[in-house]
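Given next are the chains, with one letter for each unit.
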Amino acid sequence: MNNYIDNESSSHKKTSRKKAHKKMRKLKLYTGIFIIFAIILCLSLSFKYFNNNSKKTVATMSTTSIASNIDSNKGNEKSNINKNIQAVKEISPSSEKEISTKSTKNNLNNNKPKNSNNSKKCSTGSVSTHNADYSVFADQAFNKDGQKVAFLTFDDGPTRNITPRILDTLKHYDVKATFFVLGQLAEQNSDLLKREYEEGHSIGNHSYTHNYKKIYSNVPNFIQEISTANTIIEKNIGNDFKTALFRFPGGSFEKSKNPFKEKLNSEGIRYIDWNVSSGDAAGQNVPVENILNNIKSTSAGKNHIVVLMHDASTKKTTADALPQIIEYLKSQGYVFKTLK
Ligand SMILES: [Zn+2]
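Residues numbered from 1 in each chain as written. Predicted model: local features only at pLDDT ≥ 70, side-chain atom pairs only at ≥ 80, totals over all residues. Heavy atoms only, no water.

## As for the overall build of the protein
To be explicit about the condition: Here a strand is any run of E in DSSP of at least two residues, a helix any run of H or I of at least four, and the numbering for each starts at the N terminus. The classification of residues rests on relative accessible area computed with a 1.4 Å probe and restricted to protein chains. Under 20% of the type maximum is buried, over 50% is exposed, and intermediate values are partly exposed. In what follows, residue pairs with any heavy atoms lying within 4.5 Å of each other are defined as contacts.
When helices and strands are tallied, the protein shows eleven helices and ten strands. Taken over 340 residues, the protein has a buried fraction of 38%. Expressed as a percentage of contacts within the protein between residues at least 6 apart in sequence, the contacts between residues at least 24 apart total 78%.

So, in structure tokens, the structure goes:
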């Protein structure tokens, strides 16, 4: 009986030990699962955290690069629009034939130093000084473009007493003009020549001496006068500057000038006279009122006007009249452009 009891109690003990062991294993298993779960949770949380951070970085980078892309696209768009506007402006008034002539001449003469303008823009932030928007090829000055255009031209300078006054007035009204300079005076007053150029005006050649007998004696002398003046102009303005624009001293109206015109055509040099005169060459100190009246009467009914004036040292009244001339032409709806 005791044995039985003993046996019974020992088997009971064995069963309870087994149960306790089982419980223990279950507990260990649950703890293990819990620990693994906790580790997974920790890992996933930290992964999420790092992932979020890296996403943020990527997002920041993307935003920056998109912004910069937008900016650069805007820039491209802007420059493309500008190019298009320029192209339309250049194409609209002329036929295909004229465009090809112009581009050939442009390639030949390359008379606007683009690089120096760009660098100027960057360094000073100033508005472009030599801009295709207001610069017109002389052989296209009278092309119909639906605008009233005035080309102010000043011959026979630069001079120390008159040219600075003309430049100051042009600057005051923000008007650009064309100076047909003499090689001799450009050599003596190279600072004024440079100022004309740097303030956005166009520079043309008006011979070296202005001496009719010498200039028009024969074609080689004529070309010599132009090339001597050109060398001085180009040297004093800077290495990149080229001009292929000429105005005949005394104009090119007479038939006797035909051989010279032919020579210029063959050399790719453009020339231009005028269709409006200030009459300031009629004598010394032509009164301001007369100058103004001459301009009013000779410009009447014309949409494209090339106005002849002088900045020679004796033309004080031209400088005096210039503010009124500009104001009058503005009141008549003219925009001001330069010749090239
Ligand atoms: Zn002249």
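## Topic: the pattern of salt bridges
Stated formally: We define a salt bridge as a side-chain nitrogen of Lys or Arg found within 4 Å of a carboxyl oxygen belonging to Asp or Glu.
All told, the structure shown has eleven salt bridges when counted by the stated rule. Here Arg195 makes a salt bridge to Glu199, at a shortest N to O gap of 2.7 Å. The salt bridge partner of Glu254 is Lys257, with a shortest N-O separation of 3.0 Å. Relative accessible area serves as the criterion here: at 5%, Lys257 is assigned to the buried category.

## So, helix α4 (residues 163–173)
Of all the positions in α4, only Thr163, Pro164, Ile166, Leu167, Thr169, Leu170 and Tyr173 are classed as buried. The elements touched by buried residues of α4 are β2 (149–157), β3 (178–181), α6 (190–198) and α11 (316–331). Downstream of α4 by one or two residues, Asp174 has phi in the positive range, about 55°.

## Notes on the pairing of strand β8 (residues 304–310)
To be explicit about the condition: For two strands to be treated as a pair, DSSP must find at least two bridges joining them. If you view a crossover with the strands going away from you and the path from the first strand over the helix to the second runs clockwise, you call it right-handed.
Within β8, seven of the seven residues are buried, leaving the element largely enclosed by the surrounding structure. Side chains His304, Val306, Leu308 and His310 project from β8 onto one buried face, and the interleaved Ile305, Val307 and Met309 project onto a second face that is buried too. Here β2 pairs with β8 via seven bridges, running parallel. Looking across to β8, one finds that Leu152 is bridged to Val307. The pairing of strand β7 (residues 276–277) with β8 spans two bridges and is parallel. Across the sheet, residue Val276 finds its bridge partner in β8, namely Val307. As a crossover connection, the stretch from β7 through helix α10 (residues 288–299) into β8 is right-handed.

## So, unusual backbone geometry
Here Gly157 and Pro158 are connected by a cis peptide whose omega angle stands at 0°. Within the fold, Pro158 resides in the loop between β2 and α4. With a phi angle near 65°, His210 is a residue other than glycine that sits in the positive phi range.

## Side note on the coordination of the zinc ion
To be explicit about the condition: Sites may look incomplete because water is not among the atoms; the donors themselves are N, O and S atoms within 2.8 Å of the metal, or within 3.2 Å for Na, K and Ca.
Only Asp156 (OD), His206 (NE2) and His210 (NE2) from the protein reach the zinc ion as donors, at distances of 2.1 to 2.2 Å. Donor residues for the zinc ion, ordered by position in the chain, follow D-x49-H-x3-H. With Asp156 in strand β2 and His206 in the loop between β4 (202–205) and α7 (212–215), the pair connects residues that are 50 residues apart, well separated along the chain. Overall, Asp156 belongs to the buried group, its relative accessible area being 15%. Owing to a relative accessible area of 2%, His206 belongs among the buried residues under this scheme.

## Considering the environment of Thr314
Following the sequence through the fold, Thr314 ends up in the loop between β8 and α11. Owing to a relative accessible area of 33%, Thr314 belongs among the partly exposed residues under this scheme. Along the sequence, Thr314 and Ile162 sit 152 residues apart, while their C-alpha atoms lie 8.0 Å from each other. Setting aside residues no more than four positions away along its own chain, Thr314 makes contact with Gln284 and Asn285.

## Brief notes about the confidence of the model for the protein
Test applied: What pLDDT expresses is the predictor's confidence in each residue, scored from 0 to 100.
In the predicted model, the protein carries a mean pLDDT of 77, and 64% of its residues have values of at least 70. For the stretch residues 1–5, pLDDT sits under 50, and the model shows two contacts to residues farther than four places along the chain or on other chains. Every residue in residues 50–128 scores below 50 in pLDDT, and together they form 51 contacts with partners more than four places removed in sequence or on other chains.

## What to know about the environment of Asp320
Structurally, the position occupied by Asp320 is in helix α11. By relative accessible area, Asp320 is classed as partly exposed at 26%. Taking the C-alpha atoms as reference points, Asp320 and Pro287, separated by 33 residues in sequence, lie 9.3 Å from one another. When sequence neighbours within four positions are dropped, the list of residues in contact with Asp320 reads Arg165 and Val288.

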